[in-house]
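One letter stands for each residue in the lines below.
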Amino acid sequence: MPRINPNIHKLIIVTYCTEKGISMRQLAKRFKISKDGVRKVIKKFGEYNILGDLPGRGRKKGCVKPQLDAAIVAAFRRNPSASTRDVAKKLKTSVGNVQNAKRKNYLQTRKKQKIPKRTPAQLERAKSRAKLLSKFLIQNSGRCILMDDETYVKKDMKTLPGPQFYTCAASEDIPEKHKCVAFEKFAPKILVWQAICSCGLKSSSFFTTGTINGDVYRQECIKKRILPLYRRHALPPIFWPDLASAHYAKATLNLLDAENVSYIAKIMNPPNCPELRPIERYWANIKRYLLKKGAVADNEADFKQIWNAAAHKKVVVAVFFDFRKAFDTLETNTLIDAMRECGVGEPLSQWFSDYLTARSYRVKVGSMVGDEQAVRCGVPQGSGCGPMCYLLHVNSLCGVLRHCSPHMFADDLCVLRTGAADDLAGVCRAVQQDVDAVLKWSHDNGIQKRL
């Protein structure tokens, strides 16, 4: 509500006291304010004997000391790694004042990014190779990037890296398993290898308790997993291997050349730069999920099942159709043919034919009545046979779907397709084929649709 002028406050009170019987509605109309505003002015004068605003309560908004904001900002400029509590303690102020000063000056606390510690020679080599890699990727900007990597994962996933918490009262004693995380110094681990593509496709995972040498890499990784994934693309992707020695061995490169795989040469592959490879974030996401689940794998088979459940999640793609004026647009001849396809024989089909044909209608507006017109489509409104005729008519719709499952209610249709999250493009292609089939069926049967 807009603020009322103090002079209007006084006029309202004077008028209310001098003109006996005047209503608040009349005062609001006279002074062009709301009735609620008049009521509040009169109530405030009666309770506090005050014409203006009530005195403010509590501490004034903003910083108590205007110069404190500048000191807080300067403290963060000198040491960006300082915490809010450290700055508050140093300047002898509250944490709330520091937080308010950060907010007013658009300062945000951000998480530090972990990067490998590189030697000067590694840093120089990484920069020169990154420039070559950038030029190469720009020249092939329309192609996907396929990369592979391996990581070690503990069988006891409750001990994976990451913060873990528990909640209890100060004097409450809870079991030790909730307060501590027990771990082995040399816990058993599984080596996991996988390839992912920038378009979302993923290969199946390869698991081993040992290491991946050249022969294992070529047989299990390239031939069984990378090449099938590579050939699923209409436009061949660019393969970006890890810098492990087995990945750039002469036999490995000869195999890639023989299979016409386009790959990033070693001279363009920056060393010790995991921040450039999104697959590192993929590992982190999977491990964070496994830590949250807290599962323990007793053997390699259990580990494979747990890992695959986390890595190969399912997605659902749904398309909703609304057939407009479904009962009014049913063509009689098409409906009779659909009934016969559903097994409705004589004399019932002839009865339906007589029931639906030779109908007419007129339009009456006031005392005027239009000419009689023949009904060429639709079923009688409010009839018991209308919904049955529609169901028989759309019965053939489910037959045109090849990839999706149909779900129908009255004149609404939903088609669903589930698939692996790493094959979202393939799921969408399958859904699009069924959508095209539904649109063609609607056109052939004279039904208007709306997606």
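The present account deals with the structure reproduced in this document. All figures in this text were calculated on a predicted structure; none of them were measured in a lab.

**Thoughts on helix 4 (residues 66-78)**
- Restricting attention to buried positions, one finds in helix 4 the residues Leu68, Asp69, Ile72, Val73, Ala75 and Phe76. Along the long axis of helix 4, the arc covered by the buried residues comes to 155 degrees, so they all point the same way. Exposed and facing more than 90 degrees away from the buried side of helix 4 are Pro66, Gln67, Ala70, Arg77 and Arg78.
- Structurally, helix 4 contributes buried residues whose contacts are with helix 5 (84-91) and helix 6 (95-104).

**What about the side chain of Asn269?**
- One can find Asn269 in the loop between helix 10 (250-258) and helix 11 (279-293).
- A distance of 2.9 Å separates the side chain of Asn269 from the backbone oxygen of Pro241, its partner in a polar contact.
- Apart from residues no more than four positions distant in its own chain, Asn269 is found in contact with Arg129, Trp240, Pro241, Asp242, Leu243, Tyr248 and Ile264.

**Some details on the sheet that holds strand 3 (residues 206-208)**
- Reading across the sheet, the 4 strands line up as 3-2-1-4 and stay open at both edges, with mixed pairing between neighbours. At either margin of the open sheet sits one strand with a lone partner, and together these are strand 3 and strand 4 (238-240). Neighbouring strand axes in the sheet, compared pairwise and without regard to direction, differ in orientation by 20 degrees on average.
- With 3 bridges joining them, strand 1 (residues 145-154) and strand 4 adopt parallel strand pairing. Note that in strand 4 the partner of Met147 across the bridge is Trp240.
- Packing of helix 9 (residues 214-230) onto the sheet brings it into contact with strand 1, strand 2 (189-197), strand 3 and strand 4, and relative to strand 2 it is tilted by some 30 degrees.

**Some remarks on the pattern of salt bridges**
- With the rule as written, the count across this model stands at 9 salt bridges.
- Overlapping salt bridges bring together Asp36, Arg39 and Lys40 as one network.

**Description of the packing of aromatic side chains**
- Applying the stated criterion across every chain yields a total of 4 aromatic pairs.
- Relative to Trp283, the ring of Tyr282 has its centre 5.6 Å away and its plane inclined at 50 degrees; by these criteria the two rings are tilted. Accessibility classification places Tyr282 together with Trp283 in one group, the buried group.
- Where Phe303 meets Trp307, the ring centres are 6.2 Å apart and the plane angle is 15 degrees; that geometry is what we call stacked. Here the residue Phe303 and the residue Trp307 both occupy positions in helix 12 (residues 300-311), the gap between them amounting to 4 residues, near one helical turn. Accessibility classification places Phe303 together with Trp307 in one group, the buried group.

**Focus on the environment of Leu107**
- If you trace the backbone, Leu107 turns up in the loop between helix 6 and helix 7 (120-139).
- Sequence spacing of Leu107 and Val73 is 34 residues, and the spatial spacing of their C-alpha atoms is 8.4 Å.
- When residues no more than four places from it in sequence are discounted, the contact partners of Leu107 are Val73, Phe76, Arg77 and Lys102.

**Considering a nonpolar patch on the surface**
- Among the surface-exposed residues, Tyr361, Val363 and Val365 lie close enough to one another that they form a single nonpolar patch of about 300 Å² accessible area.
- Assignment of secondary structure puts Val365 in strand 7 (residues 364-365).
- Take Val365: its relative accessible area is 59%, and that puts it in the exposed class.

**Looking at the packing of helix 11 against helix 12**
- As a packed pair, helix 11 and helix 12 sit with axes 10 Å apart at the nearest point and diverge in direction by 115 degrees. Read as a crossing pair, helix 11 and helix 12 show a hand that is right-handed. Every residue of helix 12 that contacts helix 11 at Tyr282, Trp283, Ile286, Tyr289 and Leu290 is listed here: Ile306, Trp307, Ala310 and Ala311.
- A per-class count over the contact of helix 11 with helix 12 returns 9 nonpolar, no polar and no charged.

Scoring rules and cut-offs
- Within each chain, residues carry numbers counting from 1 in the order of the written sequence.
- In keeping with the predicted nature of the model, local features appear solely for residues at pLDDT of at least 70, side-chain atom pairs appear and are counted solely at 80 or more, and the whole-chain, interface and lining totals rest on all residues.
- Water and hydrogen atoms play no part in the side-chain values, which are based on all heavy atoms of the structure.
- Categorising residues by exposure relies on relative accessible area from a 1.4 Å probe, with only protein chains included: less than 20% of the type maximum marks a residue as buried, more than 50% marks it as exposed, and the intermediate range marks it as partly exposed.
- Secondary structure counts use DSSP, requiring at least four H or I residues in a row for a helix and at least two E residues in a row for a strand, with both numbered from the N terminus.
- The arc in question is traced by the directions running from the helix axis to the C-beta atoms.
- Only heavy atoms matter for contacts: two residues are in contact if any of them lie within 4.5 Å across the pair.
- Think of a polar contact as two N or O atoms within 3.5 Å of one another; within protein, one of them needs to be a possible hydrogen donor and the other a possible acceptor, and neighboring residues in sequence only count if both atoms come from side chains.
- Here, a strand pair is defined by DSSP locating no fewer than two bridges between the strands.
- Axis lines are fitted to C-alpha atoms, over the contacting stretch for helices. Their N-to-C directions set the angle, which ranges from 0 to 180 degrees.
- Each reported salt bridge corresponds to a side-chain nitrogen of Lys or Arg within 4 Å of a carboxyl oxygen of Asp or Glu.
- Ring geometry is summarised as follows: Phe, Tyr and Trp rings, the Trp one being its six-membered ring, pair when their centres sit within 6.5 Å, and such pairs are stacked at plane angles under 30 degrees, edge-to-face over 60 and tilted between the two.
- Candidates for patches are residues over 30% relative accessible area with no salt bridge; among them, like charges are joined within 9 Å and nonpolar side chains (Val, Leu, Ile, Met, Phe, Trp, Tyr) within 5 Å.
- Calculation of accessible area relied on Shrake-Rupley with a 1.4 Å probe; when residues are assessed, cover is drawn exclusively from the protein chains displayed.
- Whether a crossing is left-handed or right-handed is set by the direction in which the near helix is turned from the far one by less than a right angle, anticlockwise for left-handed and clockwise for right-handed.
- Classification used: nonpolar for Ala, Val, Leu, Ile, Met, Phe, Trp, Tyr, Cys and Pro, charged for Asp, Glu, Lys and Arg, polar for all others including Gly.

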